Amino acid sequence: MKMGIVGLPNVGKSTLFNAITSAGAESANYPFCTIEPNIGVVSVPDERLDFLAKVNESKKIIHTAMEFYDIAGLVKGASKGEGLGNKFLSHIREVAAIVHVVRCFEDDNVTHVEGNIDPIRDIEIIDLELILSDLEMLSKRKERLTRNLKGDKSLALELDLVTRIVDSLENEQPARKMEFTEEEEKMVRLLSLITYKPVLYAANIDEEHLVTMETNPHVLKLREYAEAENSEVITLCGKIEAEISELDEDEKHEFLLDMGLKTSGLDKLVSASYKLLGLISFLTSGPQETRAWTIERGTKAPQAAGKIHSDIERGFIRAEVVGFDNLREIGSMQTIKEKGMLRLEGKEYIITDGDVILFRFNV
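Residues numbered from 1 in each chain as written. Predicted model: local features only at pLDDT ≥ 70, side-chain atom pairs only at ≥ 80, totals over all residues. Heavy atoms only, no water.

Enquirer: Looking at this structure, I do not really get the overall build of the chain. What am I missing?
Expert: Along its length, the chain carries 14 helices and 12 strands. Relative to its 363 residues, the chain shows a buried fraction of 49%. A separation threshold of at least 6 residues defines the contact pool for the chain, and within that pool the share at least 24 residues apart is 67%. (Helix = DSSP H or I, 4+ residues; strand = E, 2+ residues; numbered from the N terminus. Buried < 20%, exposed > 50% of the residue type's maximum accessible area, 1.4 Å probe, protein only. Contact = heavy atoms within 4.5 Å.)

Written as structure tokens, this is what we have:
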């Protein structure tokens, strides 16, 4: 659930971070004003919880949450220590996925480290530094594996995999663009490669293009680039998000309507990040609380129950399940039961996003 926010200096990372977390990360018009990564926790928006809480008269609502790490701006040479880059790169290894903030707005008052606006060039600068960092680490591993192979032939598979990745990196291709077998994927995950992490591009645009973003040439170039590597692009305006973060829910809704927007950049960012990590939510609801629980897509019922408490997983008997859409259409759990729509699922049941569940267990 950890996302790292990266990008060149002065592209709007810290401004965006301030807006989405209200954490007050330092933001200034000069490089490296962020040294240690600021960490903010953001609730994952889920309107289903409001409906369930109303139906069950819950005393409180608990959203699931994500952590966003504001990682300092990288520059050319970061992999060799330029701009304290080595320290920053180590922070990126700790996150599950990357939000790459790309500047797609013109503003003479905000200096760009490269002198002009070019989103593809900016992406390639960051990617090259991440590639070089992985390449340095893997080259050392390859040397070690080669030395040890003479005494342990079981290392041959790993050496072959590492060699292929090194070749790709030397051709300036990140590991996420490579194809691996299921078994190889398990091995790659253990390597902690920065370039294997999935990427979400966040185009930081000006207020003028917020509604008519398709006329922004920088966004169009970015979308074309991202589509070629099967990545997603979201658009937002850091300045507007900063304004929204100061409003309460009613004011926020009215503000978005006035701007002609359906949702805030924060909601788009969090929802897209959740999807990128392959996560879904199941829901529990009662008089005390209505809550969303985060699991990986494909999780079976007992393991999902373990998210609530290990005792529930250990003593799992069955899951009583109804899909949220069915519950919303019918209106009450009592009617769901009377109509025979409440499903009893066993240990092999794979949870679906939006399942409303009561777990039965005995320990």
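Enquirer: Teacher, can you tell me more about the pairing of strand 10 (residues 316-323) here?
Expert: Successive side chains on a regular strand alternate, one facing one side of the sheet and the next facing the other. Burial analysis of strand 10 places six of its eight residues in the buried class, the great majority of the element. As paired elements, strand 10 and strand 12 (residues 355-361) share seven bridges and run antiparallel to each other. Residue Glu 320 lies in a different strand from strand 12, and its bridge partner there is Leu 358. The pairing of strand 10 with strand 11 (residues 343-345) spans three bridges and is antiparallel. The residue bridging Glu 320 from the neighbouring strand is Leu 344, located in strand 11. (Pairing = 2+ DSSP bridges.)

Enquirer: Can you walk me through the pattern of salt bridges in this structure?
Expert: Where charged atoms from two side chains of opposite charge come close, those side chains can pair. Counting across every chain of the model gives 19 salt bridges. For the salt bridge of Glu 158 with Arg 141, the shortest nitrogen-to-oxygen distance reads 2.8 Å. A residue pair is termed long-range when its members are at least 10 positions apart, and Glu 158 in helix 5 (residues 156-170) and Arg 141 in helix 4 (residues 119-149) qualify at 17 residues. Assessed through its relative accessible area of 18%, Glu 158 is described here as buried. Residue classification places Arg 141 among the partly exposed residues on the basis of a relative accessible area of 29%. Linked through salt bridges whose partners overlap, the residues forming this network are Asp 127, Arg 176, Lys 177 and Glu 229. (Salt bridge = Lys/Arg side-chain N within 4 Å of Asp/Glu carboxyl O.)

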